[in-house]
Each structure stands twice: as structure tokens, then as C-alpha cells.
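# Chain and residue survey
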Amino acid sequence: MKIIDAHLHLFTEDSAEEMARQVGHHGTVSHLRQVYGDLNIVHGVVMGNYGLDVQGRYPADLFHYCVGLDSGITQGGRAVADLPDRVEEHLWRANCCGVKLYPGYNRISLSDPLYEPIYRLAARYGKPVAIHMGLTSFSRAHLKYCHPLALDEVAADHPDTRFVMCHFGNPFLESAAAVVEKNPNVAADLSGLLEGRVDLDAYFREQAGYVSLLRTWLTAIQCWDKVMFGTDWPIVNLGEYIGFVARLVPEPYHEAVFFDNANRIYGLGL
């Protein structure tokens, strides 16, 4: 089975190395190439953390990327004047497959006028807007901006724009499922649901309640054509995370979740 990692991050090698070592990896692209080959991961979608500068940071044979609006998008509380133009510089590039928003970290509502031209651009180029949803990695972020119901509002108001709910809105699973089921223009990835090394047998015993909730809502909505495998590298061991998602998703839907959906939704052409 071919696999697409529909959600990973590439940082500078120094900053990535410590995180990667904790999960049995190294924080280098050359290491990823090797592990991808071992695990039959044929491609990855990088969620940008390098700001808006157009540079060839992502080897196109291995990765597409979503341009990240994680920092530097406001000055004095207002959007930088050329923000849409700078985003469009990325969107016309063949290996840019979308935009990534971080509303909880930026403390900016998804319905803020700042994002309106971004939604229009994404619709024009036919590339999705991926959004960090759910828990954040530090406490100063604001959860109200990255709750799945915040995405429901903009998805309903922008039917021509496609959205990806990252992390299945974890832990707001009921709301996440409702938003994915209700909105035909919303998909989701299953990245970042674990962190660190994990003994899968022990995890599925000890966290049976949580796993049951995930399975319940994924199964209830039956949107297997809109759910994608992703890891949130470098916070997880890749082999272990493949095993984790394979246990969550019924086997008849493995090819769709692990490869087909990401290939179609992000327009990777693989």
C-alpha cells in the first residue's frame, strides 16, 4: 500500500533533531527519504512554518507544501498590506498545494477580514486551506479560534473554498465529526493524535475510551473519502503512527485514507 503523509513539518535540522531523536528518528530530509522508502511513504505534504518568503526549502520530488500563515502576517494588529500578493506568489507554484492557517496561535478569528482574500485566492487556484484545529502546543494560544465550530462558520460562508480540518479537531471529536459531515467542502486529517513513542498494544488497552470515541465518530459520519492519514512529524515515530491509524480505520478504507484522498484533495498528481 502506497502512503502519503498529508501533514508534516520541516524545521531547521538543529531544532528538528532533538524532537526526532525522541521518537527514534533524525531530523533531516535525507533520513526522511530513507524511512519513507522503508515504509512505502511515497510523498509528504509539508505544513509551512517558514513564513511567506518564497524559497526552495522543500525538495519537490518528495514534498508538496502548504504556505504557512503562522507569523509575520500582521503588523500593529493589522494584516500586512501585501499579504494576498505574497500568498499568491506561492499558490501559483506547482509544488504549493494549499495554505495553512494557525488561528489559535495567531489569536485571529477565521471569520476575520484578514483571511477573506486568502479564501478567495484558494478557491481561484483550486487549492485547499488547511487549518490547525483543536489543542495547541502551548498554553498562550486561544482554543476558541481553533475549535471545529469556528471552521463550520467559514466553510458555510465560503462554499467554493475547500478546507482541511487538521488533527480532526482533537479533542473536540463530536463537533469535528459534525463539521466534516455537514460541509461538503471540509475534509480532515488524522495527524498529531499521538505524541512520542508508543506501545500500540498497551495504548489501545489503556486508552480504550478515547480510541472508542475516535472510532465511533469516524464511523458514524462515514466520510472515508474525506479523511487523510498524516503524522505531524517530527513528534511521532512514523512506523508506529501508521500502525495507529491502521487500527483506527477499517481495512476496506485503508487505500483511500492512506493515499487516494490526499492525492485528490491536495491535487498531488501521483
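## Considering the state of the cysteines
In this structure the tally under the stated criterion is zero disulfides. Free cysteine Cys 96: the closest other cysteine sulfur is in Cys 97, separated by 6.5 Å. Assessed through its relative accessible area of 0%, Cys 96 is described here as buried. In this model Cys 223 remains outside any disulfide bridge; the closest cysteine sulfur is found in Cys 166, 17 Å from its own.

## Quick look at the nonpolar core
Across soluble globular proteins, nonpolar side chains have a tendency to be buried as a group. Val 87, Leu 110, Leu 151, Phe 168 and Phe 244 are the most contacted members of the largest nonpolar core, which has 78 residues in total. In terms of residue count, the dominant contributor to this core is helix α10 (residues 238-248) (six residues). Listed in part, the 17 residues of the second largest apolar core include Val 45, Val 164, Phe 259 and Tyr 266.

## Quick word on the pairing of strand β9 (residues 186-189)
Covered by surrounding structure in β9 are Val 186 and Ala 188 together with Ala 187 and Asp 189, the residues of both alternating faces. With three bridges joining them, strand β8 (residues 163-166) and β9 adopt parallel strand pairing. When the sheet's bridge partners are listed, Phe 163 is paired in β9 with Val 186. For the crossover from β8 across helix α7 (residues 173-182) to β9, the handedness is right-handed. Inspection of the sheet shows β9 paired to strand β10 (residues 227-228) by two bridges, in the parallel sense. In the sheet register, Ala 188 faces β10, and the bridge partner there is Val 227.

## Re the packing of aromatic side chains
The tally for this structure, following the rule as stated, stands at 13 aromatic pairs. Through a chain of ring-to-ring contacts, the aromatic side chains of Tyr 203, Phe 204, Phe 229, Tyr 241, Phe 244 and Phe 258 assemble into a single cluster. Over the ring of Phe 204 we find Arg 247; its NZ or CZ atom is 5.0 Å from the centre of that ring.

## Regarding the sheet that holds strand β7 (residues 129-132)
Within a beta sheet, neighbouring strands are joined by backbone hydrogen bonds and run either parallel or antiparallel to one another. Reading across from one edge, β1-β2-β3-β6-β7-β8-β9-β10 is the order of the eight strands in this open sheet, with parallel pairing throughout. On the outer flanks of this sheet lie β1 (3-8) and β10, each paired with one strand and no other.

## Notes on helix α3 (residues 83-91)
Among the residues of α3, those classed as buried are Leu 83, Val 87, His 90 and Leu 91. Considered in projection along α3, the buried side chains sweep an arc of 100 degrees and stay on one side of the axis. Tucked inside the fold, the buried residues of α3 contact β3 (63-69), β5 (78-79), β6 (96-101) and α5 (116-125).

Analysis parameters
- Residues numbered from 1 in each chain as written.
- Predicted model: local features only at pLDDT ≥ 70, side-chain atom pairs only at ≥ 80, totals over all residues.
- Heavy atoms only, no water.
- Disulfide = S-S within 2.5 Å.
- Buried < 20%, exposed > 50% of the residue type's maximum accessible area, 1.4 Å probe, protein only.
- Core = buried A, V, L, I, M, F, W, Y, C linked by side-chain atoms within 4.5 Å.
- Helix = DSSP H or I, 4+ residues; strand = E, 2+ residues; numbered from the N terminus.
- Pairing = 2+ DSSP bridges.
- Right-handed = clockwise from strand over helix to strand, strands pointing away.
- Phe/Tyr/Trp six-rings, centres within 6.5 Å; stacked < 30°, edge-to-face > 60°.
- Lys NZ or Arg CZ within 6 Å of the ring centre and 35° of its normal.
- Arc of directions from axis to C-beta.
- Contact = heavy atoms within 4.5 Å.

Any functional reading would require information that these geometric values do not contain.
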